[in-house]
Amino acid sequence: MASILVPDDSRANRDALAALLETAGHRVLSAADGREAFERAREHQPELVISVVLMPQMDGYELARRLQLD
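Along each chain, the written sequence defines residue order, and numbers are assigned to residues from 1. Since the coordinates come from a predicted model, pLDDT governs what is reported: local features require at least 70, and pairs of side-chain atoms require 80 or more to be given and counted, while whole-chain, interface and lining totals use all residues. Hydrogen atoms and water are omitted, and side-chain values are computed over all heavy atoms in the structure.

## Brief notes about the sheet that holds strand S1 (residues 3-7)
- Strand order in this open sheet of three strands is S2-S1-S3, and the pairing throughout is parallel. Both outer strands of the open sheet, strand S2 (27-31) and strand S3 (48-49), are each paired with one neighbouring strand and no more.
- Between any two strands, pairing holds if DSSP finds at least two bridges. Going along the chain from the N terminus, every DSSP run of H or I of four or more residues is numbered as a helix, and every run of E of two or more is numbered as a strand. Note that S1 and S3 share two bridges and pair parallel. Within S3, the residue paired with Ile 4 across the bridge is Leu 48.
- Contacts: residue pairs with any heavy atoms within 4.5 Å of one another. To obtain each axis, a line is fitted to C-alpha atoms, and for helices this fit is confined to the stretch in contact; angles are then taken between N-to-C directions over 0 to 180 degrees. Sheet contacts for helix H1 (residues 11-23): S1 and S2; angle to S2, the most-contacted strand, approximately 170°.

See the structure below:
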């Protein structure tokens, strides 16, 4: 299955989505903000990123922009 990165500043949201995805057989990486998500993405190169827009440090739009440039 896929490797999926889930950045969200809400731990409850990250945990709930991770539980659903892991039950379906996916490998889930999580991050508490956009900067952490960017570093994890560079390190682990997930196949998919499911991100919220509003996060501290770096929002979801900036994260997507930087991932495209990287």
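## Overview of the packing of helix H2 (residues 34-44) against helix H3 (residues 60-69)
- In contact at an axis separation of 10 Å, H2 and H3 are set at 25° when each is read in the N-to-C sense. Here H3 runs roughly parallel to H2, going by the angle between their axes. At the point where H2 passes H3, the crossing takes the right-handed sense. Here Gly 34, Ala 37, Phe 38 and Ala 41 of H2 lie close against H3, whose contacting residues are Leu 63, Arg 66 and Leu 67.
- When the residues that make up the contact of H2 with H3 are grouped by side-chain class, the tally is five nonpolar, one polar and one charged. Each angle receives one of four descriptions, namely roughly parallel if under 35 degrees, roughly antiparallel if over 145, roughly perpendicular if within 65 to 115, and oblique otherwise. By definition, any crossing whose near helix is turned counterclockwise from its far helix by less than a right angle is left-handed, and any crossing with a clockwise turn is right-handed. Note on residue categories: nonpolar means Ala, Val, Leu, Ile, Met, Phe, Trp, Tyr, Cys or Pro, charged means Asp, Glu, Lys or Arg, and polar means any other residue, Gly included.

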